[in-house]
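These are the residues of each chain, in order.
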Number of protein chains: 2
Amino acid sequence: MTRDETTVLFANEAFYAAFAGGDLSAMGALWSATVAVSCIHPGRGILRGRDEVMASWRQILKEGGADIRAAEASVTVHGDCAVVTCFEVLGDGFLAATNLFVREGAGWKLTHHQAGPTSERPAALGPAQGPGGAPLQ
Amino acid sequence: MTRDETTVLFANEAFYAAFAGGDLSAMGALWSATVAVSCIHPGRGILRGRDEVMASWRQILKEGGADIRAAEASVTVHGDCAVVTCFEVLGDGFLAATNLFVREGAGWKLTHHQAGPTSERPAALGPAQGPGGAPLQ
């Protein structure tokens, strides 16, 4: 793995740490303040521009954090741009997500996020378990 | 609008034209064959690699095209990478989508696509109409 790939995956982890911790200040620092940003929350419309995107995070994080983490994150770097795809483990459920980062100085900043429902689950978590521990279909 | 922005939006239109027309050959030519690609279809898992992604399009397009088009597409170019966000008008419904392109030679190729359900609709289409023509809530 290249240094860029490692750094972007670290930024991706920092994004979910800010989300989980309800840390609006960290969330704001993770998103680019210099290039156009956009965000599509699950089931919602398309937010464009830092004002709209950060207003959505203020709303989402106002009650504190969420039981969320990334799983099976995979990164591809295209020059000064990098895309991460991952599952989001949200409580007992899962979402599939796209996170787009751009290189800014020595680091990488979020410029776009989309998450949506998924019928699949991270393979590393194994099959879903029924109440008695039996695998679900 | 810059030439890059125009060219990427044209590629985005070509993507939906191939989708609508059920044109698997055009779809294959639109996706990069040189860099890592990925795709998250609505409600589905994360497809990684050209083989998985193109297999999904073969499956989707095997019955022919779909009544689909893009609306309110917006592009941001980051060097050799460009992200388009848009609504997808799919029959009477809507999805929100992310399409990521990379510069290859004189053109731009798709490297990632995610679409998911959305509670919103393109503003240009006006409010939803009830059966009698009355606006829905």
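All values reported here derive from a predicted model rather than from experimental measurement.

### Quick look at the packing of helix α1 (residues 3-21) of chain A against helix α3 (residues 50-61) of chain A
Geometry of a packed helix pair, given as the angle between the helix axes and the separation of the axes.
Residue and element names in this part refer to chain A.
Item 1. Two elements in contact, α1 and α3, have axes separated by 9 Å at closest approach and are oriented at 50 degrees. Looking at the two axes, α1 sits oblique to α3. Counting all contacts with α1, which are made through Phe15, Ala18 and Phe19, the residues of α3 involved are Trp57, Ile60 and Leu61.
Item 2. Its residues placed into classes, the contact of α1 with α3 shows six nonpolar, no polar and no charged.

### Details of helix α1 (residues 3-21) of chain B
Item 1. The terminal C-alpha atoms of α1(B), which comprises 19 residues, lie 26 Å apart, in line with the 27 Å expected from a rise of 1.5 Å per residue.
Item 2. Turning to α1(B), its buried residues are B:Val8, B:Leu9, B:Ala11, B:Asn12, B:Phe15, B:Tyr16, B:Ala18 and B:Phe19.

### Overview of the relation of the copies chain A and chain B
Item 1. If you rotate chain A by 180 degrees and push it 0.0 Å along the axis, it lands on chain B with an RMSD of 0.0 Å. Such a combination of rotation and displacement between the chain copies is what one expects of a two-fold axis. Across chain A, the rotation axis passes nearest the C-alpha of A:Gly116, at a separation of 2.8 Å.
Item 2. Same-surface contact between copies: 100% of interface residues of chain A are shared with the interface of chain B.

### Quick notes on the packing of aromatic side chains
Item 1. Per the stated rule, a full pass over the model turns up eight aromatic pairs over all chains.
Item 2. The interplanar angle of 80 degrees and the centroid separation of 5.0 Å between the aromatic rings of B:Phe19 and B:Trp57 together place this pair among those described as edge-to-face. Residue B:Phe19 is found in helix α1, and its partner B:Trp57 is found in helix α3 (residues 50-61); the two are separated by 38 residues along the sequence. Across this residue pair, the class does not change: B:Phe19 and B:Trp57 are buried.
Item 3. Site record: aromatic cluster; members linked through ring pairs are A:Phe15, A:Tyr16, A:Phe19 and A:Trp57.

Cut-offs and rules
- Residues numbered from 1 in each chain as written.
- Chains lettered and ligands numbered in written order.
- Predicted model: local features only at pLDDT ≥ 70, side-chain atom pairs only at ≥ 80, totals over all residues.
- Heavy atoms only, no water.
- Axes fitted to C-alpha atoms, helices over the stretch in contact; angles between N-to-C directions.
- Helix = DSSP H or I, 4+ residues; strand = E, 2+ residues; numbered from the N terminus.
- Parallel < 35°, antiparallel > 145°, perpendicular 65-115°, else oblique.
- Contact = heavy atoms within 4.5 Å.
- Nonpolar A, V, L, I, M, F, W, Y, C, P; charged D, E, K, R; others polar.
- Expected span 1.5 Å × (residues − 1).
- Buried < 20%, exposed > 50% of the residue type's maximum accessible area, 1.4 Å probe, protein only.
- Least-squares fit on C-alpha atoms with pLDDT ≥ 70 in both.
- Phe/Tyr/Trp six-rings, centres within 6.5 Å; stacked < 30°, edge-to-face > 60°.

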